[in-house]
Amino acid sequence: MKENRDIPVKIGQDYMIDIEGLGHSGEGVGRKDGFTVFVPMALPGERVAVRIKTVKKQYAVAELQEILVHAAERSQPPCPVYQACGGCQLQHLSYNGQLTVKQQQVINAMARIAHLPEIPVHSVLGAVDCWHYRNKMQFPVGVKKGVAVIGCYAAGTHNVIDTRQCLIQQQANNQMAVAVKDLVEELKINVYDELTGQGILRHILGRVGTASGEVMAVLITATDNIPHKEQIIAGLQARVPGLVSICQNVNSRRTNVVMGEKTRVLWGQETISDRLGEFSFRISPRSFFQVNTVQTQVLYEKAVAFAGLTGQETVIDAYCGTGTISLFLARQAARVYGIEIVEPAIRDAVLNAENNGVENAEFIVGDAVDVMPELYHRGIRPDVVVVDPPRAGCDAKVLQTFVRMEPQRIVYVSCNPASLARDLAVLDELGYAAREIQPVDMFPQTFHVESVALVQRKHIP
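Residues numbered from 1 in each chain as written. Predicted model: local features only at pLDDT ≥ 70, side-chain atom pairs only at ≥ 80, totals over all residues. Heavy atoms only, no water.

Trainee: Explain helix 3 (residues 171-187) here, please?
Mentor: Residues separated by three or four positions in an α-helix point in the same direction, a consequence of the helix having 3.6 residues per turn. With 17 residues, helix 3 should reach 24 Å at 1.5 Å per residue; the first-to-last C-alpha distance of 24 Å fits that figure. Among the 17 residues that make up helix 3, twelve are buried, leaving the element largely enclosed by the rest of the structure. Taken together, the buried positions of helix 3 are occupied by A172, N173, N174, M176, A177, V178, A179, V180, K181, L183, V184 and L187. Where helix 3 is buried, its residues contact strand 6 (136-144), strand 7 (147-150), strand 8 (201-208), strand 9 (215-221) and helix 4 (229-239). Following helix 3 by one or two positions, K188 adopts a phi angle in the positive range, close to 55°. (Helix = DSSP H or I, 4+ residues; strand = E, 2+ residues; numbered from the N terminus. Expected span 1.5 Å × (residues − 1). Buried < 20%, exposed > 50% of the residue type's maximum accessible area, 1.4 Å probe, protein only. Contact = heavy atoms within 4.5 Å.)

Structure, rendered in structure tokens:
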């Protein structure tokens, strides 16, 4: 009971809060008598009037009532559904302001989590165009007041926000979403209900080849059969410019996982094509391919620069996925070994290498913890290890495995400053120091930031 009495805010009460920074989801962070208060839509430097909505032991969440002192970088969100939609979090902050807070997010993680504040964190490499960049759309389909709705979920819910013009999606994806919504209404197609498990259409997935202009539509259904299939195909063909592929993915499970295991082509090609630099890629409905094609090339070129390749090096690309970074590395390395635990991704990597005439890359299915010692026993000594792990970062055993291979450099690509900071601290204890970090803005208008860290062996014999 004593702990509750020490909390200086109460649900339903109004307070004035000075916002000091942004949280991990883009919300403003301030304090009332030392107690943390999260305020969505508030910005650093602002004084705001708020009403407390939720109180926990360590923090409270408040609703913004009025901005008493405005931040200089506050911007008017151009999206009409921004307040309700959970797809973007930073449209109310100017793009220069977004780049500044993302750099600070990385700096803070290095200081507070890694306890390595001396690591230089460069200014974020921003996008030339911070709108309409996403080459992949994955929108749920719902019903509101008897009418089909398609768009992102509202933040923290499964309520679908109807969106006819998403400002971060490429226009072909927006055209596809509108076309599907209209066809659902015209043909009276049953929309899937998460609560009952009844209905047919669950999600739509759109993919656009940024370089090729080719477009793929994927209908994700709860059933094998699609009523009015031929009319849907004809309707999409007529309404979506650049469309070359229509597929169906079946997911009959009661789950939040979007895609199921079975995919078939309803019309057109099995894949679409896109390019990263000099390399071409075939993209299937389930292929992993970064959603911001232009900024991906910026990211990969920076990773290659940090690798410091002269043409003589052996490189291991752990978590290689479909081999995209591996191909960039192979241009300047003697040999590249890509490791990935997901077998379909390795099949894609092999095909990507073959299609691009890359002969000095070998791809291996397995866990890096197991595969890297096997490579070591084969006499393979990497000069550079490149790692691009999932958001959770690397297991300590993986980092220890890297170190046992004794590379000169480790290039760490991360989509999460917190897990990057944690792993850099572990590597520092193991004899590898982070020399510099380059953030890259892959996801404008959102709180996400990608980073590339150059990590070097402290003592090279």
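More follows now that the structure is in view.
Trainee: Hey, could you run me through the sheet that holds strand 9 in this one?
Mentor: Strand pairing in a sheet relies on backbone hydrogen bonds. The paired strands run either parallel or antiparallel. Taken in spatial order, the six strands of this open sheet run 7-6-8-9-10-11, and their pairing is mixed. Edge positions in the sheet fall to strand 7 and strand 11 (262-268), since each of these pairs with one other strand and no more. Along the sheet, successive strands turn relative to each other by an average axial angle of 25°, direction set aside. Where strand 10 (residues 243-250) lies against strand 11, six bridges are found, and the strand directions are antiparallel. The residue bridging I246 from the neighbouring strand is W267, located in strand 11. On the sheet, helix 3 packs against strand 6, strand 7, strand 8 and strand 9 and is oriented at approximately 150° with respect to strand 8. (Pairing = 2+ DSSP bridges. Axes fitted to C-alpha atoms, helices over the stretch in contact; angles between N-to-C directions.)

Trainee: Got a minute to help me understand a nonpolar patch on the surface in this structure?
Mentor: A cluster of nonpolar residues, M16, L68 and V69, forms a patch on the protein surface that exposes about 260 Å² of accessible area. Mapped onto the fold, V69 is located in strand 5 (residues 59-69). You can call V69 partly exposed: its relative accessible area is 41%. (Patch = residues over 30% accessible without salt bridge, like charges linked within 9 Å, V, L, I, M, F, W, Y side chains within 5 Å. Areas by Shrake-Rupley, 256 points an atom, 1.4 Å probe, with all protein chains shown as cover. Salt bridge = Lys/Arg side-chain N within 4 Å of Asp/Glu carboxyl O.)

Trainee: Is there a simple way to think about the packing of helix 2 (residues 95-112) against helix 10 (residues 417-429) in this case?
Mentor: Helix packing geometry: the angle between the two helix axes and the distance between the axes. Between helix 2 and helix 10, the shortest axis-to-axis distance is 9 Å and the interhelical angle comes to 35°. Considering the relative orientation of helix 2 and helix 10, their crossing is right-handed. When helix 2 is examined against helix 10, the residues Q105, V106, A109 and M110 are found in contact with a partner set consisting of P417, A418, L420, A421 and L424. Considering only residue class, the contact of helix 2 with helix 10 consists of eight nonpolar, one polar and no charged. (Left-handed = near helix turned anticlockwise from the far one by under 90°. Nonpolar A, V, L, I, M, F, W, Y, C, P; charged D, E, K, R; others polar.)

Trainee: How should I be thinking about unusual backbone geometry in this particular structure?
Mentor: Trans is the prevailing form of peptide bonds, just as negative phi is the prevailing case for residues other than glycine. Of note in the backbone geometry, D33 takes a positive phi value of approximately 55° without being a glycine. Residue position: D33 is located in the loop between strand 2 (28-32) and strand 3 (35-39). Under the relative-accessibility criterion, D33 is labelled exposed at 64%. Backbone geometry at Q445 places phi at a positive 75°, although glycine is not the residue there. Along the polypeptide, Q445 turns up in the loop between strand 19 (432-440) and strand 20 (450-457).

Read these as layout, nothing more, since geometry by itself doesn't imply function.
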